[in-house]
There are 2 protein chains.
Amino acid sequence: MGSSNGNGLVDKYAELIVRVGVNLQEGQALLVNAFVEHAPLARAVARAGYAAGASYVDVRYADDFVKRAMIEHGPDEAIDYSPPWLIERIADNGERSGANVILSGEPEPGLFGDLDGTRVGNARMSAFQTAWLNEVTKRRVSWSIAGCPTEGWARRVFGEPDVERLWKAVAETVRLDEADPVAAWQAHSKRLRERARLLSERGFDALRFRGPGTELTIGLFQGGTWIGGGHDTAWGQEHMANMPTEEVFTSPDPGRTEGTVRSTMPLALLGTVVRGLELRFEGGRVVEARADEGEDVVRTQLDADEGARVLGEVALVDGESRVGRTGITFFNTLYDENATCHIAYGQGFPMCLPDGVEANRSSVHTDFMIGGPEVEVDGIEAGGTAVPILRGNEWQLG
Amino acid sequence: MGSSNGNGLVDKYAELIVRVGVNLQEGQALLVNAFVEHAPLARAVARAGYAAGASYVDVRYADDFVKRAMIEHGPDEAIDYSPPWLIERIADNGERSGANVILSGEPEPGLFGDLDGTRVGNARMSAFQTAWLNEVTKRRVSWSIAGCPTEGWARRVFGEPDVERLWKAVAETVRLDEADPVAAWQAHSKRLRERARLLSERGFDALRFRGPGTELTIGLFQGGTWIGGGHDTAWGQEHMANMPTEEVFTSPDPGRTEGTVRSTMPLALLGTVVRGLELRFEGGRVVEARADEGEDVVRTQLDADEGARVLGEVALVDGESRVGRTGITFFNTLYDENATCHIAYGQGFPMCLPDGVEANRSSVHTDFMIGGPEVEVDGIEAGGTAVPILRGNEWQLG
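Cut-off values and rules
- Residues numbered from 1 in each chain as written.
- Chains lettered and ligands numbered in written order.
- Predicted model: local features only at pLDDT ≥ 70, side-chain atom pairs only at ≥ 80, totals over all residues.
- Heavy atoms only, no water.
- Helix = DSSP H or I, 4+ residues; strand = E, 2+ residues; numbered from the N terminus.
- Rg over C-alpha atoms; globule rule 2.2 N^0.38 Å.
- Buried < 20%, exposed > 50% of the residue type's maximum accessible area, 1.4 Å probe, protein only.
- Contact = heavy atoms within 4.5 Å.
- Areas by Shrake-Rupley, 256 points an atom, 1.4 Å probe, with all protein chains shown as cover.
- Lys, Arg positive; Asp, Glu negative; His and termini not counted.
- Charge placed at Lys NZ, Arg CZ, Asp CG, Glu CD.
- Least-squares fit on C-alpha atoms with pLDDT ≥ 70 in both.
- Pairing = 2+ DSSP bridges.
- Axes fitted to C-alpha atoms, helices over the stretch in contact; angles between N-to-C directions.
- Polar contact = N/O pair within 3.5 Å; in protein donor to acceptor, adjacent residues only side chain to side chain.
- Buried area = accessible area lost by both parts, 1.4 Å probe.
- Salt bridge = Lys/Arg side-chain N within 4 Å of Asp/Glu carboxyl O.
- Nonpolar A, V, L, I, M, F, W, Y, C, P; charged D, E, K, R; others polar.

Draft legend 1. The arrangement of the overall build of chain A in detail. For chain A, the count of helices and strands is 13 helices and 22 strands. In terms of overall dimensions, chain A is globule-like: its C-alpha atoms have a radius of gyration of 20 Å, near the 21 Å expected for 398 residues. On the principal axes, the C-alpha backbone points of chain A span a range of 55 × 50 × 40 Å. The proportion of buried residues among the 398 residues of chain A is 61%. Pairs at least 24 apart in sequence give 75% of the contacts found in chain A among residues at least 6 apart. Carbon and sulfur atoms make up 45% of the accessible area of chain A, which amounts to about 14,300 Å² in all. Computing the positive centroid from 39 side-chain charges and the negative centroid from 60, chain A places the two 2 Å apart.

And the structure:
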């Protein structure tokens, strides 16, 4: 199947995804979104889902080779087409307060690398993405994104199809090496929630990132909220939206990002890899964008709509990160964004904003990594005082 | 992927499916239904679809391992559940006069063999099946079912995972060994259409099957229609609903099937194999059913609804069949029903019936094989005269 059994980890991992990731409740419907190459894990999630009392498990397999055929040979109208039944599927699940597991892990590295970058960038089912972001922001679904090792992904990471090694790394990042992974996740979530609470209380006026190629100030709202660890659905079901998760994040003031920023890690984006991304912001908007590789995919995204050039997220991660400590670049945002601090252009998070403030709206939400041992992060108080938050990857704020 | 590349046949086969099977027209949307294990062929069909001018290709992968989890561990309400978006998907395609390729070929032999037969029999998404039969009977879609070899299917057929051998057999049945397969299909379709025209003209009052364990009379409607070879959609697009196809068929008079019939080949049904099936009919309805193996799956189907016990189809196949001539039992109805004569209980075909006559209605349509060298088939004229149609597998009617 292009994906090994991960030394018997699969069933244990699937159970963690179901019990902690979406925290499935008796009688809840479960959607699984996966690639064809994820079939062994998707099947284990289905088994674990029914074992936990799922009313129904529906697995939808996407196929990047079919997508490649579309980008290469399809008509222009096909490129950004969203099949209406895929939107119906998530809307129906939202109405039933369902759960949704999303498996991540690229099937085949560089599969779109030789194709037209603009077409690659546009092939993102934006109507579907908007519908999904609507479900997420309204908290109508308990969802969790988790990685699934594939041979192709292992080749990208290690230069050889060492799937077992990738399984081992993935297992470490999600605490499957702990004696009681569920308890370990509960403690971890509590720690991140505490850190988020503290940042919300401090009410910094802005964050400042300083490092090689980076001199960036990101304005924050008074009364804004930081989030970390488990999320809650509208009806109060805690779930782990990302596994792993090591971040605390908020949505910034759309009009007050100023300065320049350089990415500190490669970014896997729409089947290609973006390296050396540099953005310059004025009045909250990206006014210059360049990259050593993958620049056209980023440019196409930034031109997608009005909100694409505006930050929707800023997130802080320290050196204790389970992902960062593997020392591996995963070429997968789910992991790499949890290795270090990051920002995202595009859609913001309404639940992070004070009452009466609208989140930045976009069909795009692309995280890229800007943190690391050489990057200093400060909180700037309303009076201008700088308070150290991160130094040499160590958390300073007590 | 559990399915080999079939010695480079895949692309040629995919093109045949697209050009002859659904006869895809420029700008037509194409759905592909496949199992996960069919990914290499599904991808080739997507490429061939876009090359032929498809407006969009949507591949939906089903997964029998997920289905197994449902049958084994799911709640009762899940067993016959049809996700509404799957119905929306085919209805949307019908409204757009789209095409639909369905790949057939079991992923894993005996996967449901140890499960409760009633649950296996009920796990058939009957609402979806009814919706699909509605699209088919209204001829709103150009569709084609074609086989896709898998390792599991090869194991079932040959006792070993000899996928290459199965690819060779499949290629023979669909005339890929011809210099010009498209022309060969056109000639073949014409021959079957001619045979169907002749049977329609003769207007037999009944068919009679006589052989070991079989003494069966099937009443036919005056003014009924036989069909063979290519089908036409409501808007006149010819397509090959089955690849291979070797049959001419009609829908019988629901009230006039009498006698007993014994199957002459094993029947692959819902993941199990039915052997030695014997049915007795009175006044058109099955009043006794038994089988050496798989009896409970058949019984559950016969109890599905009012129309399940009534014949919806009778079909004639002679010894020239490309399938029959392979000498292989494929344990797949698409092939085995084209090896020899067969009948189906359940849903009938409105297009075979005279004006004003309703087709038998059921969510079930299960073909099983009743022909062979030892079975004599006669057409019975209104006056009672028997006219030989098949003797020793040879076609008699000129």
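Draft legend 2. Quick peek at the relation of the copies chain B and chain A. It takes a turn of 180° to lay chain B on chain A, together with a shift of 0.0 Å along the axis; the resulting RMSD is 0.0 Å. Classification of the inter-copy transformation places it as that of a two-fold axis. A shared binding surface is used by both copies, with 100% of the interface residues of chain B retained as interface residues in chain A.

Draft legend 3. Spotlight on the sheet that holds strand E16 (residues 285–290) of chain A. Residues and elements named next belong to chain A. Taken in spatial order, the 8 strands make up an open sheet running E16-E15-E12-E6-E5-E20-E21-E22, and their pairing is antiparallel. The open sheet has two free edges, formed respectively by E16 and strand E22 (394–395), since each of these has just one partner strand. Bridge analysis of strand E5 (residues 206–211) against strand E6 (residues 214–219) gives 6 bridges, and the strand direction is antiparallel. Paired with Arg210 across the bridge in E6 is Glu215. Those strands touched by helix H11 (residues 295–302) are strand E15 (278–282) and E16, and its axis lies near 165° from that of E16.

Draft legend 4. The sheet that holds strand E3 (residues 99–104) of chain B, seen in detail. Residues and elements named next belong to chain B. As summarised here, the arrangement of the 5 strands in space is E2-E1-E3-E4-E10, forming an open sheet in which the pairing is parallel. The open sheet has two free edges, formed respectively by strand E2 (57–62) and strand E10 (242–243), since each of these has just one partner strand. Where E3 meets strand E4 (residues 142–147), 6 bridges bridge the pair, whose relative direction is parallel. Within E4, the position partnered with Ala99 by the bridge is Ser142.

Draft legend 5. Summary view of the side chain of Asn93 of chain B. Residues and elements named next belong to chain B. In this fold, Asn93 is placed in helix H5 (residues 84–95). Asn93 gets classed as buried once you look at its relative accessible area, which sits at 1%. Only 3.1 Å separates the side chain of Asn93 from the backbone oxygen of Ala99, close enough to count as a polar contact. Every residue in contact with Asn93, bar those within four places of it in the chain, is listed here: Ala29, Leu31, Gly98, Ala99, Asn100, Arg140 and Val141.

Draft legend 6. Inspection of the interface of chain B and chain A at higher detail. Across the contact, 34 residues belong to chain B and 34 residues belong to chain A. For the pair chain B and chain A, the two sides together bury roughly 3,100 Å², of which 68% comes from carbon and sulfur. Where chain B meets chain A, there are 4 salt bridges. Notably, a salt bridge pairs Glu37 of chain B with Arg43 of chain A, separated by 2.8 Å at the nearest N-O pair. The tally of links between chain B and chain A comes to 8 residue pairs in polar contact (both at pLDDT 80 or more). Only helix H2 (39–51), E2, helix H3 (64–73) and H5 of chain B provide two or more residues apiece to the side of chain B that touches chain A. Here the side of chain B that touches chain A is built from residues that sort into 21 nonpolar, 3 polar and 10 charged.

Draft legend 7. Molecular detail of H3 of chain B. For H3 of chain B, every residue scored as buried is listed here: Asp64, Val66, Arg68, Ala69, Met70 and Ile71 of chain B. Buried residues along H3 of chain B sit against helix H2 (39–51) and strand E2 (57–62) of chain A together with strand E1 (30–35), E2, helix H4 (76–79) and helix H6 (117–122) of chain B. At the N-terminal boundary of H3 of chain B, the capping side chain belongs to Asp63 of chain B, with an oxygen 2.8 Å from the backbone nitrogen of Phe65 of chain B.

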